[in-house]
Amino acid sequence: MSPILYFIPFFFILIALEMWVAHRRGLQLYRLQDTVTSLNIGIVSQFVNTLGGIISVAMYAVLVDRFGAFTWDVSNPLCWITALVLYDFCYYWVHRAGHEINILWAAHVVHHSSEEFNLSTALRQSSTGFYFRWVFYIPLALLGIPVKVFVVVGLIDLIYQYWVHTQLIGRLGFLEKFLVTPSNHRVHHGQNDYCIDKNYGGIFSLWDRLFGTYADERPDEKPIYGVRKPLHSWNPVWGNLHHYVAIFRQARTTVGWRQKLMCFFAGPGWTPTLQDAPLATFAREDFVRFSTPSPRWMRVGAIVATVLGTGLLLYFLKVQSQLAFSQRISFCAAMVLFYLALGWAWLHPRVLAAAHE
Ligand SMILES: [Zn+2]
Ligand SMILES: [Zn+2]
């Protein structure tokens, strides 16, 4: 049974709690369309990653088995603490590469596509990162860290990052010096000039301080959340694919192989004409959050679809070990298609016209 199954109820309880506290403080931290999209992206990613994750763990298991240099005593707590610190170090680099190499950014961008910042944003996880992420953890396999330890510390690293997606917690004093906190992770999700390519840490912000990518939140300039090439869609599947499509379109119209390769492997801001030019300065005053009409029938439909998807995900996570591989693939494919169709219908011109009435 997937351990994530046990965390899902806590995720929802904490989201409800954050909504309630925000309401009491008179803050508007949630918008229904954005929240539903975040949850649906999370559901799609769980379905895809139950299969994709097998690739990562299988590759890791092969490597540790063949090349693992040391034997680790799993009964010693130091083994787990060391593994967690080393895992987080590798996470820093996988996350940094996910921002600074365009084709890897295509996988990670979905996590940053929300223009809000709340606990539901944490659930916007990528469905397409599984094919390359394991490569960054090869050093752990070479050190011989057992698969079980690798999987558990990976889960701890992921779960830790949930609580830092909130605007309700301010700066945390000396913890800011070495931990990833809500304050420094808000910077990571900002698109203001001072926020770009900053604060990649998972649990420890020490790595950012060490490698020169740390930035503190500025009290005089709150982060504006989202990305500079906005998604402008509520479709959870398109949210995962849109930047791949953009890269392939750019490469097709770019002349010369070297330039074509740069479309994939240079930074996301690279273009053939603006070679090494810095990203255009962000005009905060011009920023408008994406929004579409949202009458009552649409809101009810969105909530029903999300509740249904969550129910099916919980059911799938519970029974997946009893299903044949082909059944698991079919189940996941059906869910992805369901959300693709729903996301498409949501922004269909006729539906939007009806919503305007
Ligand atoms: Zn990121
Ligand atoms: Zn985040």
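Data block above holds the structure.
Below or above, wherever it landed, is the structure these notes cover. (Residues numbered from 1 in each chain as written. Chains lettered and ligands numbered in written order. Predicted model: local features only at pLDDT ≥ 70, side-chain atom pairs only at ≥ 80, totals over all residues. Heavy atoms only, no water.)

### Side note on the side chain of T213
- With respect to the helices and strands, the residue T213 is situated in the loop between α10 (206–211) and α11 (236–253).
- Here T213 falls in the buried class, since its relative accessible area comes to 4%.
- A distance of 2.5 Å separates polar atoms of two side chains, one belonging to T213 and the other to D208.
- Once you skip the residues sitting within four places of it in the chain, T213 turns out to touch Y92, R96, D197, K198, N199, Y200 and D208. (Helix = DSSP H or I, 4+ residues; strand = E, 2+ residues; numbered from the N terminus. Buried < 20%, exposed > 50% of the residue type's maximum accessible area, 1.4 Å probe, protein only. Polar contact = N/O pair within 3.5 Å; in protein donor to acceptor, adjacent residues only side chain to side chain. Contact = heavy atoms within 4.5 Å.)

### Structural notes on the coordination of the zinc ion (ligand 2)
- Bound to the zinc ion (ligand 2) are the protein donor atoms H111 (NE2), H165 (NE2), H185 (NE2) and H189 (NE2), situated 2.1 to 2.2 Å from the metal.
- What the four donor atoms of the zinc ion (ligand 2) show is an angle range of 92 to 161° at the metal, which sorts the shape as irregular.
- Each donor residue of the zinc ion (ligand 2) lies on one chain, and together they are spaced H-x53-H-x19-H-x3-H.
- Distance-wise, the zinc ion (ligand 1) is placed 5.7 Å from the zinc ion (ligand 2). On the criterion of sequence distance, the pair formed by H111 in the loop between α4 (102–108) and α5 (119–122) and H165 in the loop between α8 (147–160) and α9 (182–188) is long-range, its members being 54 residues apart. Summarising the burial analysis for this pair, H111 and H165 share the class buried. (Donors = N, O, S within 2.8 Å, 3.2 Å for Na, K, Ca; no water. Tetrahedral: all angles 85-135°; square planar, octahedral: opposite > 155°, others 65-115°.)

### Focus on helix α14 (residues 325–346)
- Relative to the 32 Å expected for 22 residues at 1.5 Å per residue, α14 spans 32 Å between its end C-alpha atoms, a close match to the ideal helical length.
- Every buried residue of α14 is accounted for by R328, F331, C332, M335, Y339, G343 and W346. Seen from one end, α14 has its buried residues packed into an arc of 100°, which puts them on one side. Of the exposed residues in α14, the ones pointing more than 90 degrees away from its buried face are L337 and W344.
- Elements that come into contact with the buried residues of α14 comprise α2 (32–67), α11, α13 (296–319) and α15 (349–356). (Expected span 1.5 Å × (residues − 1). Arc of directions from axis to C-beta.)

### Concerning the pattern of salt bridges
- The full count for this structure, using the stated rule, is eight salt bridges.
- Close ionic contact of E100 with R96 constitutes a salt bridge, the shortest N to O distance being 3.2 Å. Of this pair, E100 and R96 both sit in helix α3 (residues 77–100), four residues apart, roughly one helical turn.
- Of the residues examined, E100 reaches a relative accessible area of 27% and is grouped as partly exposed.
- A salt bridge links E221 to R218, with the shortest nitrogen-to-oxygen separation between them at 3.9 Å.
- Connected through shared salt-bridge partners, R31, E116 and R289 make up one network. (Salt bridge = Lys/Arg side-chain N within 4 Å of Asp/Glu carboxyl O.)

### Here's the deal with unusual backbone geometry
- Its identity as a non-glycine residue notwithstanding, N199 has a phi of 60°, on the positive side.
- Tracing the backbone through its elements, the reader meets N199 in the loop between α9 and α10.
- Judged by relative accessible area, N199 falls into the buried class, the value being 3%.
- Even without being a glycine, H232 presents a positive backbone phi close to 50°.
- On the accessibility criterion, H232 (44% relative accessible area) is partly exposed.

### What to know about the packing of aromatic side chains
- Using the criterion set out here, one finds 25 aromatic pairs in the structure.
- Taken together, a centroid distance of 5.2 Å and an interplanar angle of 45° make the contact between F47 and F316 tilted. With F47 in helix α2 and F316 in helix α13, this pair connects stretches of sequence that are 269 residues apart.
- What makes F316 buried here is its relative accessible area of 0%.
- Through pairs of rings, three or more aromatic residues link up here, namely F89, Y92, W93, Y200, F204, W207 and F211. (Phe/Tyr/Trp six-rings, centres within 6.5 Å; stacked < 30°, edge-to-face > 60°.)

### Looking at the coordination of the zinc ion (ligand 1)
- For the zinc ion (ligand 1), the full set of protein donor atoms is H95 (NE2), H99 (NE2), H108 (NE2), H112 (NE2) and H188 (NE2), and the range of their distances to it is 2.1 to 2.2 Å.
- Counting the intervening residues between successive donors of the zinc ion (ligand 1) yields the motif H-x3-H-x8-H-x3-H-x75-H.
- On the basis of relative accessible area, H108 is assigned to the buried category, the value being 12%.

### Some points on the nonpolar core
- Counting 41 residues, the largest nonpolar core has Y60, Y87, Y137, L140 and I145 as its most contacted members.
- Residues within four places of L140 in sequence aside, it is in contact with Y60, L86, Y87, C90, I145 and F150.
- Within the second largest apolar cluster, 28 residues are counted, among which are I4, Y30, L313 and L317. (Core = buried A, V, L, I, M, F, W, Y, C linked by side-chain atoms within 4.5 Å.)

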